[in-house]
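Architecture and fold: a report
So you can see what is in the structure, the chains are spelled out below.
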Amino acid sequence: MKSLSLKAKLFSSFGILIFFLLIAVLVGYSSLNKTNRFLSQMYNEHYRASMQALRLHAELNGVRAALVTMMSETEKAKQEAQHSKIKEATKEIDESFDGMLKNKNFEDEVISLVKEINSVWIAFRETRDNELIPAVYAGKIERARELGLGIQKERYKEFVSLTEELVKKEKEAAKDLIEASQSQYNRLVIIFVAVGLLAIAVSISMAFLLTRAIAVPVNAMANTAQRIALGELDVNIIEVKSKDEVGVLANAFKDMIVYLKSMAHTAEAIADGDLRNDIAPKSEKDVLGSAFKKMIEGLRGIVSEMREGSDQIASASSQIAATAEQSAKSNETSAPAVEEVTSTVHE
């Protein structure tokens, strides 16, 4: 982590957050997909089978009611009207059985039970069409009632019993499916919450690490820069071991402080009259180092010229003193001669 660049650290942090976000999205999508599958299975396999079984029951009741009405009628036209209703209901029942038997969503157990109900219905239909209704048309009402209250009633009870069994089985299957769906939902909620908490924990950890790796050293360097701006050079930079841009910046700050301290030490030496320090500019663009180097060289030149001037002045002073001494000696030598001349003149 310490060897990564700042850009890589930021990309890694956001990459981890995006990864957890994708996990959360996938978990949510999986939850919705499974919920949809459960609902589809419940409707296609259980709800539809139960509703169609109840519909068959109701339609069969309609057929029996029409048969009772038909047997109570004495006019042939009214009997035929009821017979037409029976035919329409029969067609709907046959179509319902055909659709249920061809439904590929139903389980084998359901199909087997539907076949059993259908066989009872076929027997009921054939007895009705071949024996009961012809007896009504023939005026043999007692025979028709005997069939209706005998074998047909038993078949009706069996039909009802089987349809109720089908409905009961489908309700139990739907209940099991709902419980499984609820269990799956609870697991997905736990996973979703766990992923969310883990994402929050990772986010907090990454924020702490990034703050520690970026904000803390940058803030320390900002405070140091403010102190340097006020002329204070007795400052230190916190140790940054990372090799990213922040680490490079911290090392550059350290080098800058060392450089400024070196320049300050050289300036103090110059103020004390010490020109022995040699300044080597860090680079061609080192304006301050180059200026200090030129200043020291210039001051050294001025001092050298002043020393040469002092030597010349001392030499001239010596010459002047020798000339004065020679003049004094010459005056002492010429004094007797002057006196002698003066005496001669007086004589």
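That block above? That's the structure.
My aim in this report is to walk through the structure given alongside it, one point at a time. In this text the structure is predicted, and so the values were computed from the model without any measurement.

Focus on the pattern of salt bridges
All told, the structure shown has 8 salt bridges when counted by the stated rule. Of the charged contacts, one joins Asp129 and Arg128 as a salt bridge, the two residues approaching to 2.8 Å between their closest N and O atoms. Since its relative accessible area comes to 34%, Asp129 is described here as partly exposed. Connected through salt bridges with shared partners, the residues Glu131, Arg143 and Glu146 form a single ionic network.

Brief notes about a negative patch on the surface
Together, Glu116, Glu154, Glu158 and Glu165 line one region of the surface with negative charge. Top element by residues in the negative patch is helix H5 (residues 151-229). It accounts for 3 residues.

Concerning the packing of aromatic side chains
Two descriptors summarise a pair of aromatic rings, namely the distance from one centre to the other and the angle between the planes of the rings. What the rule picks out here adds up to 2 aromatic pairs. Here the aromatic rings of Phe97 and Phe159 are separated by 6.3 Å at their centres, their planes lie at 85 degrees, and the arrangement is edge-to-face. Residue Phe97 is found in helix H2 (residues 76-102), and its partner Phe159 is found in helix H5; the two are separated by 62 residues along the sequence. Both residues of the pair, Phe97 and Phe159, count as buried.

Looking at H2
The end-to-end C-alpha separation of H2 is 38 Å, in line with the 39 Å expected for 27 residues at 1.5 Å each. Within the sequence span of H2, burial applies to Gln79, Gln82, His83, Ile86, Ala89, Thr90, Ile93, Ser96, Phe97 and Met100.

Considering helix H4 (residues 141-149)
Buried within H4 we find Ile141, Ala144, Leu147 and Gly148. Along H4, the residues classed as buried sweep out an arc of 125 degrees about the axis, all on the same side. Exposed positions of H4 whose direction lies more than 90 degrees from the buried face are Glu142, Glu146 and Leu149.

Rules of the game
Once a new chain begins, its residue numbering starts again from 1 and follows that chain's sequence as written. Only residues with pLDDT of at least 70 get local features here, since the model is predicted, and only at 80 or more are side-chain atom pairs given and counted; chain-wide, interface and lining totals rely on the full set of residues. The basis for the side-chain values is all heavy atoms of the structure; hydrogens and waters are excluded. A carboxyl oxygen of Asp or Glu within 4 Å of a side-chain nitrogen of Lys or Arg is what we treat as a salt bridge. The buried label goes to any residue with under 20% of its type's maximum accessible area, the exposed label to any with over 50%, and the partly exposed label to all in between, with areas taken from a 1.4 Å probe on protein chains only. Note that patches include only residues with greater than 30% relative accessible area and no salt bridge, and the join distances are 9 Å for like charges and 5 Å for nonpolar side chains (Val, Leu, Ile, Met, Phe, Trp, Tyr). Note on areas: these come from Shrake-Rupley sampling with a 1.4 Å probe, and a residue is covered only by the protein chains present in the view. Here the positive residues are Lys and Arg and the negative ones are Asp and Glu; neither His nor the chain ends is included. A charge is said to be at NZ when it belongs to Lys, at CZ for Arg, at CG for Asp and at CD for Glu. Only DSSP runs of H or I with at least four residues qualify as helices, and only runs of E with at least two residues qualify as strands; both kinds are numbered from the N terminus onward. Centre distance within 6.5 Å is the pairing criterion for rings of Phe, Tyr and Trp, where only the six-membered ring of Trp is used; planes under 30 degrees apart are then read as stacked, over 60 as edge-to-face, and the remainder as tilted. In this scheme, a helix's expected span is set at 1.5 Å multiplied by one less than its residue total. Arc definition: it is the arc formed by the directions from the helix axis to the C-beta atoms.

Any functional reading would require information that these geometric values do not contain.
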